[in-house]
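# Chains, contacts and geometry: an overview
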Amino acid sequence: QVQVVESGGGSVQDGGSLRLSCTVSGYSYRGGCMAWFRQGPGKEREGVALIYPSIGHTNYADSVKGRFTISQDNAKNTVYLQMNSLKPEDTAMYHCAADVRRGIVCANADFTYWGQGTQVTVSS
């Protein structure tokens, strides 16, 4: 059974940086899709960034392009989200999610496996 655990959240000031980590067990990164989602206060859940662990291709929400970077370390079964130039509107609970099916495309992903979440708070 795949298990997902996030870490790295915290409180920073406007313009600060954080790096989130997502460790995954029971997954070899030979296929599938990994993604970061977030849900801020009074907002709907939104996708932030995704990555194909097998090949490293990525995609980002328009709101974070140029500021956030998703990356992987397959040897550690870990996906990272480097967040720079943070804004108060980035305040949210961030969740890592996985679709481990081999050969799927992220646009059609069914994110069955979710971490417990890590809180990011950005103060002005």
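Structure first, text after, so check above.
Computed from a predicted model, the values in this text were never measured in an experiment.

### Focus on the state of the cysteines
In this structure the tally under the stated criterion is two disulfides. Here Cys 22 engages in a disulfide with Cys 96; their sulfurs sit 2.1 Å apart. Classification of the bridge connecting Cys 22 and Cys 96 rests on its S-S torsion, roughly -80°, and on that basis the disulfide is left-handed. On the criterion of sequence distance, the pair formed by Cys 22 in strand S3 (residues 18-25) and Cys 96 in strand S9 (residues 92-99) is long-range, its members being 74 residues apart. A relative accessible area of 0% means that Cys 22 is categorised as buried. Each sulfur of the disulfide joining Cys 33 and Cys 106 lies 2.0 Å from the other. Between Cys 33 and Cys 106, the S-S dihedral sits near 115°, and the bridge is therefore right-handed.

How each quantity is defined
Residues numbered from 1 in each chain as written. Predicted model: local features only at pLDDT ≥ 70, side-chain atom pairs only at ≥ 80, totals over all residues. Heavy atoms only, no water. Disulfide = S-S within 2.5 Å. Helix = DSSP H or I, 4+ residues; strand = E, 2+ residues; numbered from the N terminus. Buried < 20%, exposed > 50% of the residue type's maximum accessible area, 1.4 Å probe, protein only.

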